[in-house]
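For reference, the chains in residue letters:
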Amino acid sequence: MTLAERLRATLSAEPAEPPLTGDLAEQELGPSTAAAVLVAVTDREEPGILLTVRREDMRTHAGQIAFPGGRIDPGEGVVAAALREAHEELGIDPAGADVIGTTDEYRTVTGYVVTPVLAVIPPDLALRPHDREVAAWFEAPMAHLLDAANHRRESAVFRGATRDYYVVDWQGRRIWGATAAMLVNLSRRLQWR
């Protein structure tokens, strides 16, 4: 069974636990903005997931680790938006991505409703990070990112209330917030081993 076949088979299963959806109600945030991210899984014996490090001078989410992605343009679908953003941010050719499907939406504290799009990409692509958006990129082992033993809960005060969020560490990199929550959801959905 290929990696894509294995992912398709497990993505359609019910998650082991209910997905995280974000804990802020719309009345706290105002209207939401639709967004999509590409969860790009490298097709290798030990698959990895590509992540970006946002530039420190970005208007939002500066310096954070994220999946390539962004807001959905008018008239654009979720998959098209995720592929477009991954092409803009990392130079991933949309034609080379084998789209598996979408996973659980997540509402961010900044008012985005994000739909992750899971896709398999060839290993060792010559990526071209967008110099105004991406400070760096890296590939972390999928097995590590989706292992529940590596998902740590932390808390912080946001807008006067204590909020819980997840953190996943890998080689000195701190993946947290919405990106970590989407990894937790993917772990629950795929039950990857």
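Our structure is the block above this text.
Note that this is a predicted model, so its numbers are computed, not measured. (Residues numbered from 1 in each chain as written. Predicted model: local features only at pLDDT ≥ 70, side-chain atom pairs only at ≥ 80, totals over all residues. Heavy atoms only, no water.)

I'd like a description of the overall build of the protein, backed by residues and values.
In terms of regular secondary structure, the protein is built from five helices and 11 strands. Relative to the compact-globule value of 16 Å for 193 residues, the protein shows a C-alpha radius of gyration of 16 Å, a close match. Expressed along its principal axes, the backbone C-alpha trace of the protein runs to roughly 50 × 35 × 35 Å. For the protein, the proportion of its 193 residues judged to be buried stands at 47%. Across the protein, contacts joining residues at least 24 apart in sequence account for 66% of those joining residues at least 6 apart. Counting every atom, the protein has about 9600 Å² of accessible surface; 49% of that belongs to carbon and sulfur. In the protein, which carries 20 positive and 28 negative side-chain charges, the distance between the mean positions of the two groups comes to 4 Å. (Helix = DSSP H or I, 4+ residues; strand = E, 2+ residues; numbered from the N terminus. Rg over C-alpha atoms; globule rule 2.2 N^0.38 Å. Buried < 20%, exposed > 50% of the residue type's maximum accessible area, 1.4 Å probe, protein only. Contact = heavy atoms within 4.5 Å. Areas by Shrake-Rupley, 256 points an atom, 1.4 Å probe, with all protein chains shown as cover. Lys, Arg positive; Asp, Glu negative; His and termini not counted. Charge placed at Lys NZ, Arg CZ, Asp CG, Glu CD.)

Tell me about helix α5 (residues 177-190), and name the residues and values.
For α5, which comprises 14 residues, the first-to-last C-alpha distance of 20 Å matches the rise-based estimate of 20 Å (1.5 Å per residue) to within 8%. α5 sits mainly inside the fold: 13 of its 14 residues count as buried. Positive backbone phi, at 45°, marks Q191, one or two positions downstream of α5. (Expected span 1.5 Å × (residues − 1).)

Outline the pattern of salt bridges, listing residues and values.
The full count for this structure, using the stated rule, is 13 salt bridges. A salt bridge links E17 to R188; the nearest nitrogen and oxygen atoms lie 3.4 Å apart. Placement of E17 in the loop between α1 (3-11) and α2 (26-29) and of R188 in helix α5 is noted, with a sequence separation of 171 residues between them. Close ionic contact of R174 with E154 constitutes a salt bridge, the shortest N to O distance being 2.6 Å. One end of the pair, R174, is in strand β11 (residues 173-176); the other, E154, is in strand β9 (residues 152-158), with 20 residues separating them in the sequence. Here E154 falls in the partly exposed class, since its relative accessible area comes to 22%. (Salt bridge = Lys/Arg side-chain N within 4 Å of Asp/Glu carboxyl O.)

So what about α1? Which residues, and what values?
L3, A4, L7 and L11 are the residues of α1 that are buried. Take α1 and look down its axis: the buried residues cluster within an arc of 95°, on one side only. Against the buried residues of α1 lie β1 (33-42), β5 (98-102), β7 (112-121), α4 (142-145) and α5. (Arc of directions from axis to C-beta.)

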